Protein chains: 2
Amino acid sequence: MNIPAIAVHGGSGTIASSINDPIIKKNYLDALQEALEAGFSLLKSDGTALEAVTKAVTVLEDCELFNAGKGSVFTSKGDHEMDAAIMDGKTLGAGAVAGIKGIKNPVLFADDIMKNTPFVFLAGSEAMEYARRQEYEFMPDSYFFTELRYDQWTSLRGTGEVKLDHSSENGHKFGTVGAVAVDSGGNLAAATSTGGMTNKAWGRVGDSPLIGAGTYANNETCAVSCTGHGEYFIRGVVAYDVSCLMEYGGMSLEQAANEAIFKRLKKLGGEGGLIAVDAQGNICLPFNTEGMYRGLKNNMQTMTQIL
Amino acid sequence: MNIPAIAVHGGSGTIASSINDPIIKKNYLDALQEALEAGFSLLKSDGTALEAVTKAVTVLEDCELFNAGKGSVFTSKGDHEMDAAIMDGKTLGAGAVAGIKGIKNPVLFADDIMKNTPFVFLAGSEAMEYARRQEYEFMPDSYFFTELRYDQWTSLRGTGEVKLDHSSENGHKFGTVGAVAVDSGGNLAAATSTGGMTNKAWGRVGDSPLIGAGTYANNETCAVSCTGHGEYFIRGVVAYDVSCLMEYGGMSLEQAANEAIFKRLKKLGGEGGLIAVDAQGNICLPFNTEGMYRGLKNNMQTMTQIL
C-alpha cells in the first residue's frame, strides 16, 4: 500500500519539437508539478480523492498551456466549447458537461451536477441556463484568448478541417487534462476536462465527458482518465474497459491498463493514453503515442514526464 | 443457432392501468409487432443487422405511442428534444446524437454520423447545423404534437418537476425505443432512440445516446439496447457491462444480461431493463420494473409482451 497517491495528464500525441527548448519544457513540467502538489497536499491533509482530482484539474484548467479551461482551442465559430466529467469511486456518483462556454472551471460545473442535481450529464446552451442560476465564475472571451490557440485556429479557419490540438509547430496532440487519485481511506476518483478540437463544428462531443469512455472511477477496481482520439475511446468504452478487465478478467491495474491501450485500443486503430490508479496506490500511465504530458506523486516519489 | 433474429423495446416502468383496456393493449402490441416484422423481413432478404435495427427503430419513432420521434415528450420549453444512438457490432462503428429537434427519425441521423463523418457523437443546436446540410426529413412542430404528451406536460409545466414519461393515468414509464438484431452472417447491431423526460430542462442527456451506457454492439459478444432511469445506466455503463461480463467474465448472454439488470443495476438503485442478442441468436429481455414493452422474432417464434 502506497497511499495516498495522485496522477495527472495534460494530453498525449506527437510532441512538438519545441519541447526541446529547455524553457518550454520546464514550463510544462512545472505546470504538471503544480497540479500534483495542489492535489497531493489536499490528500495529505485528509482531503478526499474527489477533492484532490477536482483541485488538480482546476489548476490545469487555469494554465494556458493545456487544452482545457483557459487554454481551450477555438471552435469553427471562433469561440470556446468545453467538456468535463468527474466520478466518485466510492458512490459511483458522476457528473458531466459538454459544449459549455465561458465558465472558468468546467470540472467544478461537473462536480456540481454530480452533487446537486438528479442528473449526470448536461449539454449545450441549455446546460448554460443551469450554470447561470448558480454562482459560477464566468470569464469574458478575452480570458480564453491565447496567441497559440488563435494561430492554430486561423491556420484552419474556413478550410472545414478539424484538428484535435494541432499545429505544425506544435505537433499532433490530443488536448485534454485529467487527474486520478486515491485518498488515505482507499477511495478513488477521476476527473477529465477538455477544450475539444481546433475549428470543431456541429457540436462534436469526444470521450472526455462520457462516463465509461474518457472518465471512470470505482473503489472496487480503479480510477481512470483518458486522453486521445476521442472517437476511438468512445467506441472502445476505454475507461470502463480497464475496470472490467480487472473486475471480471482478474487482471492487475497494470495488466488491465496496458491491455486497454496497447492491445484493444490499438486494434481499433486508436491513438492515446490514460492515467489509472487503484486502491492500493498502484499507478499506471500507458500511452501508444510519442508522448503524454503526465506526472504522479505519492509519499515515495514525484515524477513528471513528457516523452 | 437460431439466426437471424430481432428484438425491440418501447420503454419500461410501471405500466398504466389503461393497458387493461384491450384496445389500448392491442395498439401497443401491434406497434411492437410492426417494428419486428419490418426489421425481420429485411433480415430474411439478406439485409444486415444494422439495416434491421435502423428500420425497426424508425417504425417505433413514427408511432405516437412511444416516447421517441413523433411521440416524444415535451421539454420545459414546450418543444421536443430527441437523442439516439446506433452501433455496428462488426466494425464497432458508432453514431449518436443528443438534443436534436424537428428531425423525423433521429436514428437515421445517428446512422449518418457513423457512416459519413469522422465523429461518433454530435449534440445540441450545432448538431442541427450539420443536419440542415443533409437531406433529412424535417417535420413541423405540429407533427410532434400529441394530446397525451401535451397533457403530461401541462400537468408539470411551471412546477420545475421533471418526469421521465409519466402521468398518473399513464403509469411511471421510462420512455425509450430500441432494437437489437443478428443477421444471417452473424453480425450484430443495436439502436436506441428517445424523446427524453417530460418538462426536462438544462440540456439533460440520458443513457440512450451514450455508447456503452444505453447502446452497445460487438460481434464477439452481444448487442444491447437499454431503457430505464438513464442516470443509473450511465453510472453503471450497463450496455457495455453485459458485453464485458460475457467477454471477460465468461458468462452466457442470459447470465450477463440478468447479472447487469437484477444485480448490478439494482445495487446502484436503478430501475429499467434491456434487450440483448448474441451471434447465436439467443435473446434475453430482462427488466426490474413492473413491465417493459418488448418483443422478439426469429424463424421459430414471434412474441410481443408488456407485463
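Up top is the structure.
Asker: I'm lost on the overall build of chain A in this one. Help?
Answerer: From N to C terminus, chain A includes 9 helices and 15 strands. For chain A, whose C-alpha radius of gyration is 17 Å, the value lies close to the compact-globule estimate of 19 Å for 307 residues. Here the C-alpha coordinates of chain A stretch approximately 50 × 45 × 35 Å along the principal axes. Burial status across chain A gives 68% buried among its 307 residues. By sequence separation, contacts in chain A at least 24 residues apart represent 69% of the contacts at least 6 residues apart. Seen as two clouds, the 25 positive and the 36 negative side-chain charges of chain A have centres 3 Å apart.

Asker: How do you make sense of the relation of the copies chain B and chain A when you look at a structure like this?
Answerer: These two copies of the chain differ by a rotation about an axis and a displacement along the same axis. For the match of chain B to chain A, the screw axis carries a shift of 0.0 Å, the RMSD comes to 0.0 Å, and the turn is 180°. In the structure described here, the two chain copies are related by an operation that fits a two-fold rotation axis.

Asker: What should I look at first to understand the pairing of strand E11 (residues 223-228) of chain B in this one?
Answerer: Remark: a regular strand shows side chains that alternate across the two faces of the sheet. Residues and elements named next belong to chain B. Burial analysis of E11 places 6 of its 6 residues in the buried class, the great majority of the element. The alternating pattern of E11 places Ala-223, Ser-225 and Thr-227 and Val-224, Cys-226 and Gly-228 on opposite faces, both of which are buried. Note that strand E10 (residues 215-217) and E11 share 3 bridges and pair antiparallel. Residue pairing for E11: Thr-215 is matched across the bridge by Ser-225. Remark: 5 residues form the turn of the hairpin made by E10 and E11, two consecutive strands paired antiparallel.

Asker: Can you walk me through the sheet that holds strand E12 (residues 272-277) of chain B in this structure?
Answerer: All names here are of chain B. Spatially, E10-E11-E12-E13 is the arrangement adopted by the 4 strands of the open sheet, whose pairing is antiparallel. Each of the sheet's edge strands pairs with one partner strand only, and the pair in question is E10 and strand E13 (283-284). Sheet topology note: the E11/E12 ladder contains 6 bridges and is antiparallel. Among the inter-strand pairings, Cys-226 is bridged to a residue of E12, identified as Leu-274. Along the sheet, helix H9 (residues 253-268) makes contact with E12 and E13, crossing E12 at roughly 165°.

Asker: So what exactly am I meant to see when it comes to the pattern of salt bridges here?
Answerer: All names here are of chain A. One pass over the structure, following the stated rule, counts 22 salt bridges over all chains. For Glu-231, the salt bridge identified is with Arg-204, shortest N-O distance 2.8 Å. You can see Glu-231 sitting in helix H7 (residues 230-236) and its partner Arg-204 sitting in strand E9 (residues 204-205), a full 27 residues away along the chain. A single burial state applies to Glu-231 and to Arg-204, both of which are buried.

Asker: Could you clarify how one ought to interpret the environment of Ala-110 of chain B in this entry?
Answerer: Residues and elements named next belong to chain B. Here Ala-110 is to be found in helix H3 (residues 106-116). Look at Ala-110 and you get buried, because its relative accessible area is 0%. Between the C-alpha atoms of Ala-110 and Lys-25, which are 85 residues apart in sequence, the distance is 31 Å.

Asker: Quick question: what am I supposed to make of the environment of Trp-202 of chain A here?
Answerer: Take Trp-202 of chain A: it is sitting in the loop between strand E8 (188-194) and E9. Put simply, Trp-202 of chain A and Asn-282 of chain A are 80 residues apart on the chain and 39 Å apart in space, counted from C-alpha to C-alpha. Ignoring anything within four residues of it in the chain, the contact list for Trp-202 of chain A reads Phe-119, Leu-122, Ala-123, Glu-126, Ala-127, Tyr-130 and Arg-133 of chain B.

Asker: What is the right way to read the side chain of Asp-278 of chain B from this model?
Answerer: You can see Asp-278 of chain B is positioned in the loop between E12 and E13. Buried charge without a salt bridge: Asp-278 of chain B, with Arg-264 of chain A as the nearest opposite-charge side chain at an N-O distance of 16 Å. Apart from residues no more than four positions distant in its own chain, Asp-278 of chain B is found in contact with Val-182, Leu-188, Thr-221, Cys-222, Met-246 and Leu-253 of chain B.

Asker: Is there a simple way to explain the interface of chain B and chain A in this structure?
Answerer: Frequently, the measure chosen for interface size is the accessible area that the parts lose on association. In this assembly, 44 residues from chain B lie in contact with 44 residues from chain A. Where chain B meets chain A, there are 20 residue pairs in polar contact (both at pLDDT 80 or more). Only strand E3 (93-100), strand E4 (121-123), helix H4 (124-133), strand E9 (204-205), helix H7 (230-235), helix H8 (238-247) and H9 of chain B provide two or more residues apiece to the side of chain B that touches chain A. Of the residues contributing to the side of chain B that touches chain A, the split by class is 26 nonpolar, 6 polar and 12 charged.

Asker: Would you mind showing me how to read the packing of aromatic side chains here?
Answerer: Each aromatic ring pair is described using two quantities: the centre-to-centre distance and the angle formed by the ring planes. Counted by the stated rule, this structure contains 19 aromatic pairs over all chains. Plain terms: the ring middles of Tyr-143 of chain A and Phe-144 of chain A are 5.0 Å apart, the flat faces sit at 85° to each other, and that makes the pair edge-to-face. Taken individually, Tyr-143 of chain A and Phe-144 of chain A each receive the classification buried, so the pair is uniform in this respect. One aromatic cluster in this structure is built from Phe-109, Phe-119, Tyr-130 and Tyr-136 of chain A together with Trp-202 of chain B. Lying over the aromatic face of Tyr-143 of chain A, Lys-70 of chain A brings its terminal NZ or CZ to 4.6 Å of the ring centre.

Asker: Got a minute to help me understand the nonpolar core in this structure?
Answerer: Where a protein is soluble and globular, its nonpolar side chains tend to be buried together. Phe-121 and Leu-274 of chain A together with Phe-121 and Leu-274 of chain B are the most contacted members of the largest nonpolar core, which totals 108 residues. Beyond its immediate chain neighbours, meaning those up to four positions away, Leu-274 of chain B contacts Val-224, Ser-225, Cys-226, Val-238, Val-242, Ala-257, Ile-261, Cys-284, Leu-285, Pro-286 and Met-292 of chain B.

Asker: I would appreciate a short explanation of the packing of helix H2 (residues 49-61) of chain B against H3 of chain B in the present structure.
Answerer: All names here are of chain B. Direction vectors running N to C along H2 and H3 enclose 150°, while the axes themselves pass 8 Å from each other. Considering the angle they form, H2 stands roughly antiparallel to H3. Of the residues in H3, those touching H2 at Leu-50, Thr-54, Val-57, Thr-58 and Glu-61 are Pro-106, Val-107, Leu-108, Asp-111, Met-114 and Lys-115. A per-class count over the contact of H2 with H3 returns 6 nonpolar, 2 polar and 3 charged.

Asker: Can you help me understand the state of the cysteines in this one?
Answerer: Note: disulfide means a covalent bond formed between the sulfur atoms of two cysteine side chains. Applying the stated criterion to the full structure yields 0 disulfides over all chains. Residue Cys-244 of chain A stays outside any disulfide, its sulfur separated by 3.4 Å from that of Cys-244 of chain B, the closest cysteine. Unpaired in terms of disulfides, Cys-284 of chain A finds its nearest cysteine sulfur in Cys-222 of chain A, a separation of 10 Å.

Asker: Is there a simple way to explain the sheet that holds strand E13 (residues 283-284) of chain A in this structure?
Answerer: In a beta sheet, neighbouring strands pair by backbone hydrogen bonds and run either parallel or antiparallel. The strand order E10-E11-E12-E13 (chain A) describes an open sheet built from 4 strands, whose pairing is antiparallel. Across the chains shown, the open sheet's two edge strands, defined by having one partner strand only, are strand E10 (215-217) and E13 of chain A.

Conventions we followed
- Residues numbered from 1 in each chain as written.
- Chains lettered and ligands numbered in written order.
- Predicted model: local features only at pLDDT ≥ 70, side-chain atom pairs only at ≥ 80, totals over all residues.
- Heavy atoms only, no water.
- Helix = DSSP H or I, 4+ residues; strand = E, 2+ residues; numbered from the N terminus.
- Rg over C-alpha atoms; globule rule 2.2 N^0.38 Å.
- Buried < 20%, exposed > 50% of the residue type's maximum accessible area, 1.4 Å probe, protein only.
- Contact = heavy atoms within 4.5 Å.
- Lys, Arg positive; Asp, Glu negative; His and termini not counted.
- Charge placed at Lys NZ, Arg CZ, Asp CG, Glu CD.
- Least-squares fit on C-alpha atoms with pLDDT ≥ 70 in both.
- Pairing = 2+ DSSP bridges.
- Axes fitted to C-alpha atoms, helices over the stretch in contact; angles between N-to-C directions.
- Salt bridge = Lys/Arg side-chain N within 4 Å of Asp/Glu carboxyl O.
- Polar contact = N/O pair within 3.5 Å; in protein donor to acceptor, adjacent residues only side chain to side chain.
- Nonpolar A, V, L, I, M, F, W, Y, C, P; charged D, E, K, R; others polar.
- Phe/Tyr/Trp six-rings, centres within 6.5 Å; stacked < 30°, edge-to-face > 60°.
- Lys NZ or Arg CZ within 6 Å of the ring centre and 35° of its normal.
- Core = buried A, V, L, I, M, F, W, Y, C linked by side-chain atoms within 4.5 Å.
- Parallel < 35°, antiparallel > 145°, perpendicular 65-115°, else oblique.
- Disulfide = S-S within 2.5 Å.

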